[in-house]
Structure formats: C-alpha cells, structure tokens
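Listed below, chain by chain, are the residues.
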Amino acid sequence: MNSIEPSGRPQGRRRNIRPRKPDDIEIVETQPKKTGRTFPPIAPEDLPIDILAARLYNFNGDGETFSALCPGHADGKPSLAIRQLANGRILLHCHAGCKPEEVLSAINLDFSHLYPSGYALRNNKGNCKPPGQLAAYVPLDVAEPVINYHRFESLTATARRRAEGKHGKLAKQLGVDPEALVALGVGTLDYGNNWVFPEVDDQFRVVGACFRSRNGKKTFATGGKRGLTIAQDWPRQPTQMYIAEGATDTAALLSVGVNAIGRPAAMPSSLAIRWLIQLLRRDEHPYVIVLGDNDEPKNGVAVGPKAASDLADILGCELGQNIHWALPQPQFKDVRDQIAAGQWKARLVIKGASR
Ligand SMILES: [Zn+2]
C-alpha cells in the first residue's frame, strides 16, 4: 500500500522523491509550517489577487469574492474570505479571527501586497491603457528626494505666525474665503508684500514653498520640490475630490465647500504625481475630478485641457478607477475666476473620463 507522509523524508533512492500519481491516495492538504516554506516569486504584472492565489491553498472564487484555507491558523475548511475591489485592492477576513497582518505574514507578505502596483494595473486592467498609448505617460518609479524638511517647516511656520489675522486682504484680492487660506497654511514673512504657500508631500511634510508677490508673480524657494497644496483641518466632503491647478484655485474650491488638492502645474512632475496617487489611494474618493484651465491654444494645442485629460488618464490607470476631467465655464480662465465671479453654481464642464 502506498502512502505519502507529509512530513516524511523521501525514502530510498533520489528518483523516488516525487510522489506517484495519486490514483488511490487521498491527499489531504494541510497547512505548511510558517518556516521553511518557499514562495513563488512575484512578477511585476501580478495583481494582489494573483499574488494571493499563488500562495493560498483551496483558493476559489469568482473575480470579486474568493475563499481559501487561512494560513494564519490550522485551518480545515476555507475560513479566509478575500474580496477584490474594483481598483484591484484586496480586503481579507479570517472567520476564525486571525488578523490580516497574521494572515499576510504567514505567507511572507505585508499590507503593501494588498495594493496593486501601477505597473500591474496597466498590464491587467481593460480600463487601463498600456503605457505606450497613454497620451503622456510619465514614469512614476522616481527616487524619493533628499529634502531639508525642517528648513521648509520652520520657514512656513514662521510665515503662518506672522500672517495671523492678516489673510483678509489677500483673500479679497483672490476672491476666496480667508479661512481657506488659513487652512492651506498660507503665510507671509514681510507683512503681506509676499505670500508664502507651503507645498507638501503625501505625508504632509513641507517639501517646498511658493512665494506669491503682490502682483501675482510666483517664485519658488530653492532646495525644495514642487508638491501638493492640501488643507489641514478642513471639513471634508466624503464624495468628490477636485484636483485643482495651483494653490489659489484650491483655495477657491475650498471656499465653496468642496474638497480640493492643488497640483503645482498643469502636468506636475513625476514625483508630485506619485504623491498625489498615494494620497488618493489612501483616501479612496469615489469621484475624482481633474480640473484644467481654459488656456488659449498654442500651436493648435490648448495646454490646460490636454494636461487635465492626460493627468486623468494617468490617475485612472494608477488607481484603477474612472477619473473625470473638467474645465471652468468657457468665459472664465480658471476655476478661481469662475468662483470669484460668483458663478460656481453655473457648474463645471465635464469634458471626459479616463475610461
Ligand atoms: Zn485564520
């Protein structure tokens, strides 16, 4: 009678190591011990669900919900419930009570493996255009920069202190709510001759400062990076998130009570786009709208609309989510113009979506 002992060492000659065809043998899958198991390599195009499928026993499912034997405890029936969200993210639940981190560490993974990489999304999702077809594909695998955060933190903190109670004038000039400027951390070092707008990364560290002179001219502090303009302690609307062009458009949107993140340029640097993606991925806004400016076409191309459309494509691809892009009403240069003119209620013109 043949039998396979799961823990038995192979007997006799080496060529007998492989088990024979299991015609009359009942193979009971048991969970391997945590140690000593080798795992299949993870390919760059693997989605989180592919990575899990290759490592879990009795893996079954229908594209959205899956089950498997839980590697976190001695599991005899599939107690691990797995759900794949539309953006490729995975939720895990062990019915026997293992924590997700226990489940993951038992198969040599961590939380990061539950989020799809941009590359995997680009290579898997039908809604994702392959890199070559993206209108403007930007490589997002850029190195984390070396920034003297402390320098920019202290510069912008000093400016904020000096600006206390003085935001009214700038707010009036811009046609925005002074509280929105306060929430964005706007300050001044010279009693309102120049205004300092902090720019941050996805962890809200100040990575740079943009100076805006009385006549609207912008300069940028050396040694920093262009980052995102984000309101701290501002009531958030759970549904929509506008990605505005520049800090003052962001302030205008906050003034009318909607969520907004400012990007530093129509088409920001790879680094700023990556911070934006990481931020949006964490917050999971169901409806993201990239706003462009109504630029005059130069050589047949209107830069603002094209950049907004391209950025929506990139975000849609990276987030596995449909991202819209929109413009202000045609008579306004940008969304701040429209809001300052009291025309927010005239709505934006939704021009397109990433899929
Ligand atoms: Zn478990």
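Going by the structure above, here's the rest.
Residues numbered from 1 in each chain as written. Predicted model: local features only at pLDDT ≥ 70, side-chain atom pairs only at ≥ 80, totals over all residues.

Draft legend 1. Molecular detail of the packing of helix 8 (residues 270-283) against helix 9 (residues 303-319). Look at helix 8 against helix 9: their axes get within 10 Å of each other, and the N-to-C directions meet at 50 degrees. Looking at the two axes, helix 8 sits oblique to helix 9. Taken as a pair, helix 8 and helix 9 cross one another with a handedness that is right-handed. Contacts from I273, I277, L280 and R281 of helix 8 reach helix 9 at I314, L315, E318 and L319. A class-by-class count of the residues in the contact of helix 8 with helix 9 yields six nonpolar, no polar and two charged. (Axes fitted to C-alpha atoms, helices over the stretch in contact; angles between N-to-C directions. Helix = DSSP H or I, 4+ residues; strand = E, 2+ residues; numbered from the N terminus. Parallel < 35°, antiparallel > 145°, perpendicular 65-115°, else oblique. Left-handed = near helix turned anticlockwise from the far one by under 90°. Contact = placed C-beta atoms within 7 Å. Nonpolar A, V, L, I, M, F, W, Y, C, P; charged D, E, K, R; others polar.)

Draft legend 2. Expanded view of the nonpolar core. One finds I243, A251, V290, L291 and L315 to be the most contacted residues of the largest nonpolar core, which totals 77 residues. Counting residues per element, this core draws most heavily on helix 9, which supplies eight residues. There are two domains that each give this core at least three residues, and those are domain 1 (35-116) and domain 2 (149-353). When residues no more than four places from it in sequence are discounted, the contact partners of V290 are I243, A308, L311, A312, L315, I323 and W325. (Core = buried A, V, L, I, M, F, W, Y, C linked by C-beta atoms within 7 Å. Buried ≥ 20, exposed ≤ 12 C-beta atoms within 10 Å, placed from the backbone. Domains from an automatic or database assignment.)

Draft legend 3. The arrangement of helix 5 (residues 167-174) in detail. Looking at helix 5, one finds that the buried residues are H167, L170 and L174. For helix 5, the angular spread of buried residues about the axis comes to 70 degrees, placing them on one side. Of the exposed residues in helix 5, those oriented more than 90 degrees away from the buried face are G168, K169 and K172. Contact partners of the buried residues in helix 5: helix 6 (178-183), strand 6 (194-200), helix 7 (247-255) and helix 10 (335-340). (Arc of directions from axis to C-beta.)

Draft legend 4. Spatial organisation of the environment of T250. Relative to the assigned elements, T250 resides in helix 7. The exposure class assigned to T250 is buried, which follows from the 30 C-beta atoms found within 10 Å. For T250 and A180, which are 70 residues apart along the polypeptide, the C-alpha to C-alpha distance reads 8.6 Å. Not counting chain neighbours up to four residues away, the residues in contact with T250 comprise L184, T229, A244, A260, I261 and G262.

Draft legend 5. Here's a closer look at unusual backbone geometry. Residue N108 is not a glycine yet carries a positive backbone phi of 65 degrees. If you trace the backbone, N108 turns up in the loop between helix 2 (100-106) and helix 3 (118-124). The exposure class of N108 is partly exposed, given the 13 C-beta atoms found within 10 Å. Even without being glycine, R347 reaches a positive phi, approximately 70 degrees. With respect to the helices and strands, the residue R347 is situated in the loop between helix 10 and strand 14 (349-353). On the basis of neighbour counts, which here come to 11 C-beta atoms within 10 Å, the residue R347 falls in the exposed class.

Draft legend 6. Quick look at the pairing of strand 7 (residues 206-213). For strand 7, a buried count of six out of eight residues is recorded, marking the element as mostly surrounded by other parts of the structure. Where strand 6 meets strand 7, seven bridges bridge the pair, whose relative direction is antiparallel. If you follow P198 over to strand 7, its bridge partner there is A209. In sequence, strand 6 turns back onto strand 7 through a hairpin of five residues, with F204 there showing a positive phi of about 65 degrees. As paired strands, strand 7 and strand 8 (residues 218-220) are joined by three bridges and run antiparallel to one another. For R212, the partnering residue across the bridge sits in strand 8 and is K218. Connecting the antiparallel pair strand 7 and strand 8 is a turn made up of four residues, with G216 showing a positive phi of about 90 degrees. (Pairing = 2+ DSSP bridges.)

Draft legend 7. Quick look at the sheet that holds strand 14. Read across the sheet, six strands follow the order 9-11-10-12-13-14 without closing on themselves; strand pairing throughout is mixed. With partners counted over all chains shown, the strands left at the sheet margins are strand 9 (229-230) and strand 14, one partner each. Both strand 10 (residues 240-245) and strand 11 (residues 260-263) contribute to a ladder of four bridges, which runs parallel. Paired with A244 across the strands is G262, a residue of strand 11. Strands in contact with helix 7 are strand 9, strand 10, strand 11 and strand 12 (287-291); relative to strand 11, the strand with the most contacts, it is inclined by about 170 degrees. Along the sheet face, helix 9 touches strand 12, strand 13 (324-327) and strand 14 and points at about 150 degrees away from the line of strand 12.

Draft legend 8. Helix 7, seen in detail. Across the nine residues of helix 7, nine count as buried, placing the element largely inside the fold. Once helix 7 ends, the next one or two residues include G257, with phi positive near 85 degrees.

Draft legend 9. Main features of the sheet that holds strand 1 (residues 60-61). The four strands are arranged 1-2-3-4 in an open sheet whose pairing can be described as antiparallel. Each end of this open sheet is capped by a strand with a single partner; those strands are strand 1 and strand 4 (90-94). Taken together, the two bridges between strand 1 and strand 2 (residues 65-68) define a ladder with antiparallel strand orientation. In the sheet register, N60 faces strand 2, and the bridge partner there is S67.

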